Amino acid sequence: MNTPLITWGCIVALFACMLPARLIAANRSRTGHRPPLIGFGSEREAFFIPGDPTSRQTKEYEDEDDDL
Amino acid sequence: MKTTTSDSARPSAGELSLFLSQYSARLLGAGATCIRLEKNAARIAKAYGKEAEISIMPRHVHLSVWAPGSTDTAASIAAIGHTAISFRINTKLSELSWEIADGKVDFATAAKRFDRIVRDDRRDPRTVLFLVALANASFCRLFGGDFIAMTTVCLATAAGYHLKLLLLGRGVDIRLTVLVCAFASAVLGATDTLFSIGETPSVASGTSVLYLVPGIPFLNSFSDLLYRHYLCAFSRFVDALVLTCSLSIGLCAGMLLMNIRMF
Amino acid sequence: MLLQIFQDALFAAIAAIGFAAISTPPRNAYGWCAVIAAIGHSLRFVLMNAQTQLHIIPATLGSAFAIGTLAVFLSPRARIPAETCLFPALLPMIPGTYAYKAFGGLALCLLSEGQDAFGRNFYLFAHNALMCSCLLLCMVLGATLPIFLFQKISFRATR
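Residues numbered from 1 in each chain as written. Chains lettered and ligands numbered in written order. Predicted model: local features only at pLDDT ≥ 70, side-chain atom pairs only at ≥ 80, totals over all residues. Heavy atoms only, no water.

J.: Help me understand the environment of Pro68(B), please; the structure alone is not making it clear to me.
T.: Residues and elements named next belong to chain B. Inspection of the secondary structure puts Pro-68 in the loop between strand S2 (60-66) and strand S3 (73-79). Each C-alpha atom, one on Pro-68 and one on Lys-50, is 6.6 Å from the other, the two residues being 18 residues apart in sequence. In this view, Pro-68 contacts Gly-49, Lys-50 and Glu-51; residues no more than four positions away in its chain are not counted. (Helix = DSSP H or I, 4+ residues; strand = E, 2+ residues; numbered from the N terminus. Contact = heavy atoms within 4.5 Å.)

J.: Can you walk me through the sheet that holds S3(B) in this structure?
T.: Through backbone hydrogen bonds, the strands of a sheet pair up, either in parallel or in antiparallel fashion. All names here are of chain B. Spatially, the 3 strands line up as an open sheet ordered S1-S2-S3, and their pairing is antiparallel. Only two strands of the sheet have a single neighbouring strand rather than two, namely strand S1 (51-56) and S3. In this sheet, neighbouring strand axes are inclined to one another by 15° on average, regardless of whether the strands run parallel or antiparallel. Examined bridge by bridge, S2 and S3 share 7 bridges and lie antiparallel to one another. For His-60, the partnering residue across the bridge sits in S3 and is Ala-79. (Pairing = 2+ DSSP bridges. Axes fitted to C-alpha atoms, helices over the stretch in contact; angles between N-to-C directions.)

J.: Teacher, can you tell me more about unusual backbone geometry here?
T.: Peptide bonds are mostly trans, and most non-glycine residues show a negative phi. Residue and element names in this part refer to chain B. Positive phi, normally seen in glycine, also occurs at Ser-196, with a value near 50°. In this structure, Ser-196 sits in the loop between helix H8 (191-194) and helix H9 (201-207). For Asn-259, which is not glycine, the phi dihedral falls at a positive 60°. Relative to the helices and strands, Asn-259 is located in the segment after helix H11 (230-257). Since its relative accessible area comes to 65%, Asn-259 is described here as exposed. (Buried < 20%, exposed > 50% of the residue type's maximum accessible area, 1.4 Å probe, protein only.)

J.: Whenever I open this one, the interface of chain B and chain A confuses me. Can you help?
T.: Frequently, the measure chosen for interface size is the accessible area that the parts lose on association. Tallying the contact residues gives 15 residues for chain B and 12 residues for chain A. Carbon and sulfur atoms supply 81% of the area buried between chain B and chain A, which totals about 1,300 Å² over both sides. Linking chain B with chain A are 0 salt bridges. Applying the counting criterion to the chain B and chain A interface returns 1 residue pair in polar contact (both at pLDDT 80 or more). Looking at side-chain class alone, the side of chain B that touches chain A contains 11 nonpolar, 3 polar and 1 charged residues. (Buried area = accessible area lost by both parts, 1.4 Å probe. Salt bridge = Lys/Arg side-chain N within 4 Å of Asp/Glu carboxyl O. Polar contact = N/O pair within 3.5 Å; in protein donor to acceptor, adjacent residues only side chain to side chain. Nonpolar A, V, L, I, M, F, W, Y, C, P; charged D, E, K, R; others polar.)

J.: It is not clear to me how the packing of helix H5 (residues 125-142) of chain B against helix H6 (residues 147-169) of chain B should be interpreted in this structure. Could you clarify?
T.: All names here are of chain B. Viewed as axis vectors pointing N to C, H5 and H6 meet at an angle of 145°, and their least axial separation amounts to 8 Å. The element H5 and its partner H6 pack so that their crossing is right-handed. For the pair formed by H5 and H6, the contact residues are Pro-125, Val-128, Leu-129, Val-132, Ala-133, Leu-134, Asn-136, Ala-137, Cys-140 and Arg-141 on the first element and Ala-149, Met-150, Val-153, Cys-154, Thr-157, Ala-158, Tyr-161, His-162 and Leu-165 on the second. Class assignment of the residues belonging to the contact of H5 with H6 gives a composition of 15 nonpolar, 3 polar and 1 charged. (Left-handed = near helix turned anticlockwise from the far one by under 90°.)

J.: Sorry, what's going on with empty space enclosed by the protein here?
T.: Gaps between atoms show up when a probe of the same size as a water molecule is rolled over them. Here the structure, examined in full by the defined rule, presents 1 cavity of 30 Å³ or more. Approximately 60 Å³ is the volume attributed to the largest cavity. Taken together, 10 residues line the largest cavity, and the ones lying closest to its centre are Thr33(B), Ile35(B), Ser223(B), Glu83(C) and Ile147(C). (1 Å grid on protein atoms, 1.4 Å probe; cavity = no way out; pocket = protein on both sides within 12 Å on 5 of 7 lines; lining within 4 Å. Points joined across faces, edges and corners; volume = space filled by probe spheres on them.)

J.: Looking at this structure, I do not really get the interface of chain C and chain B. What am I missing?
T.: On the side of chain B, 56 residues touch chain C, which itself brings 52 residues to the contact. Each partner contributes to the roughly 4,700 Å² buried at the junction of chain C and chain B, and carbon and sulfur atoms together form 74% of this total. Where chain C meets chain B, there are 1 salt bridge. Taking the shortest distance from any N to any O, the salt bridge between Arg36(B) and Glu83(C) comes out at 2.5 Å. Summed over the shared surface of chain C and chain B, the number is 7 residue pairs in polar contact (both at pLDDT 80 or more). Top contributing element to the side of chain C that touches chain B by residue count: helix H1 (residues 2-22) of chain C, with 11 residues. Here the residues of the side of chain C that touches chain B sort into 32 nonpolar, 14 polar and 6 charged.

Here it is, written out as structure tokens:
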């Protein structure tokens, strides 16, 4: 086995992977937070129909219930 | 002309002791020599009509402040923070001591200025990375390396320093960081030997890790030694020695795996 | 020879700026660090390479003294403490190779078998460690001597 070549290859591969990842991370932090391409949303986000109560309104109703 | 602060603006020994202990801890953390700290602290205390004695321990500063001819005395201890060496903070804090001594700022303003100086330690990691890589390549040239060796060293240093910033940013121990970075730089620095390129591959291997040598702590320790601050000198020397040991372990491991005989 | 001296000065100046950047000096200090390092390092080069052919230790002591003197007299102009341009200017002369070769020698000592191999490796360790310590001591001694001699100037630079 050619140990020097394998060691060198591993280190170079590590940096080759690290650099684009860091550049993407730096770019993302500079441009601000972007929503992920694929992700899980809540049920409300998935089935929201205009006119449905927002979460803020729901809280207000809950407050009224408490007062009762 | 030397002026001192008016009686109304003078802090009590307790207030001054607290301020000076924070000031001293930060100044030492920024890499100032013990003699610099003694001079600056004595200058500030004198401006407020007080006297100060400092005992500098490896990890703490013990300060005693008193007003001559009165019972107004105070003592305080502050821990020396593990911060990066910053000559900018060193310079700004020395300037502040002279402004206090010359009566240009009152105590409240001085305390605010101190907070601002300590907080405002801007670093631009990308510029530093670029400069360090260039510096190590120049170092390679000073040791007789050719242009190919310089390029290899420049890339090995940039990669190693990048890794150093990444690991330190994640809170990894400095000794482990130095070891890992030395290993990575040594392996990359051995590129010329591995592929038989350039005329001076051994120079590239030898100089690729020199950016990790703790030069300022070594210089500070010997400077403290000359001014008879033996404890501080010894602690700084051992700190620097431990980092050099980590560097050597990383380098030797890299050389061993790359099958290079350096010694 | 002149070209070699110029090259040495140029690369020492770049090295000083780069290594100084790690310790975040004030912006106006970079230029002074570069100039002082260039003069100091090229002086050592001349002392070691010309007819004098001085040993590295006295050559380092001499150039460190020159660096210290320059730093003391130039720091009040830049309004920075003498160490701020003095220590970065000394960095290109730090005996880093001696330091890690000493540790390498020590490691080989521990791994070596037989008296001859141990003796050779112990020589490597002792020689490099001694050289490293002596060079550091000479550097600091030479550079701080002017601070000690001209205390009034060197501790008032930031006034």
